[in-house]
Amino acid sequence: MRLAGHPEAPLAISAGFLAANPVHRDAIEGTALVVLTDPSGANRAYESEDVTFVRYDGDRSAEDSTGAIWTMDEHALTAEDGRALRRIPAQRAFWFGWYAAFPNTRLVR
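Residues numbered from 1 in each chain as written. Predicted model: local features only at pLDDT ≥ 70, side-chain atom pairs only at ≥ 80, totals over all residues. Heavy atoms only, no water.

J.: Would you take a moment to explain the packing of aromatic side chains for this structure?
T.: Each aromatic ring pair is summarised here by two numbers: the centre-to-centre distance and the angle between the ring planes. Enumeration over the complete set of coordinates arrives at 4 aromatic pairs. Look at F53 and W70: their rings are 5.4 Å apart centre to centre, the planes differ by 70°, and that puts the pair in the edge-to-face class. Separated by 17 residues along the polypeptide, F53 in strand β5 (residues 53-56) and W70 in strand β7 (residues 69-72) bring together distant segments of the chain. Across the pair, exposure class does not vary: F53 and W70 are buried alike. Seen in terms of ring centroids, F94 and F96 are 5.8 Å apart; in terms of plane orientation they differ by 20°. Their pairing is stacked. When its relative accessible area of 65% is taken as the criterion, F96 is described as exposed. (Phe/Tyr/Trp six-rings, centres within 6.5 Å; stacked < 30°, edge-to-face > 60°. Helix = DSSP H or I, 4+ residues; strand = E, 2+ residues; numbered from the N terminus. Buried < 20%, exposed > 50% of the residue type's maximum accessible area, 1.4 Å probe, protein only.)

Written out as structure tokens, the structure reads:
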């Protein structure tokens with residue numbers, strides 16, 4: 001994935017790693033993010049700001065470290081109190097193709 005404000009800092013995360021870690025916290029140049037992966041292997045990335053997610057039900061709900069429940073949709077993670085964290089565009093790609101286009105990618109595996 002590449003953030004619009006930081007195209008020089010691409011990030012790739014292996015599908016196997018995400019399957020084993022359905023709640024993955026990371027950052028790109030200081031922008032905190034969380035990647036949530038369901039049992040089928042589908043995943044979505046969201047800016048997480050100062051929220052630390054600890055659980056994901058594999059469907060539509062994630063829980064943060066304070067016990068608040070967030071609902072996932074195509075555009076955002078939304079808390080019960082109305083706070084929203086925007087979705088980050090990401091895509092699946094074959095590593096060899098991605099690396100050929102973005103050789104400075106940080107790989108998590």
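J.: Which parts of the structure should I look at to understand unusual backbone geometry?
T.: Generally, phi is negative for residues other than glycine and the peptide bonds are trans, each holding for most cases. Even without a glycine there, the phi angle at E29 is positive, about 50°. Mapped onto the fold, E29 is located in the loop between β2 (23-28) and β3 (31-37).

J.: Sorry, what's going on with the nonpolar core here?
T.: Taken as a class, soluble globular proteins show a tendency for nonpolar side chains to be buried jointly. In this structure, V34, L36, F53, W70 and L77 are the most contacted members of the largest nonpolar core, which totals 14 residues. Looking at this core, the elements with two or more residues in it are β3, β5, β7 and β8 (76-79). What L36 contacts, discounting residues up to four positions off in sequence, is P22, V23, A42, N43, R44, Y46, Y56, A62, M72 and L77. Ranked by size, the runner-up nonpolar core spans 12 residues in total, among them L33, V35, A45 and I88. (Core = buried A, V, L, I, M, F, W, Y, C linked by side-chain atoms within 4.5 Å. Contact = heavy atoms within 4.5 Å.)

J.: Hey, could you run me through the side chain of T105 in this one?
T.: Along the polypeptide, T105 turns up in the loop between α2 (95-101) and β10 (106-108). A residue is classified by how much of its surface remains accessible, and T105, at 11% relative accessible area, is buried. At a separation of 2.6 Å, a polar atom in the side chain of T105 contacts the main-chain carbonyl oxygen of F102. What T105 contacts, discounting residues up to four positions off in sequence, is P10, L11, A12, W95 and W98. (Polar contact = N/O pair within 3.5 Å; in protein donor to acceptor, adjacent residues only side chain to side chain.)

J.: Looking at this structure, I do not really get the environment of R2. What am I missing?
T.: Within the secondary structure layout, R2 lies in the segment before β1 (11-13). The spacing of R2 and Y46 is 44 residues in sequence and 12 Å in space, taken between C-alpha atoms. Those residues within four positions of R2 in sequence are excluded, and the remaining contacts are P7, P10, W98 and F102. Among the polar contacts listed, one links the side chain of R2 to the backbone oxygen of P7, at a separation of 3.5 Å.

Geometry only, nothing functional implied.
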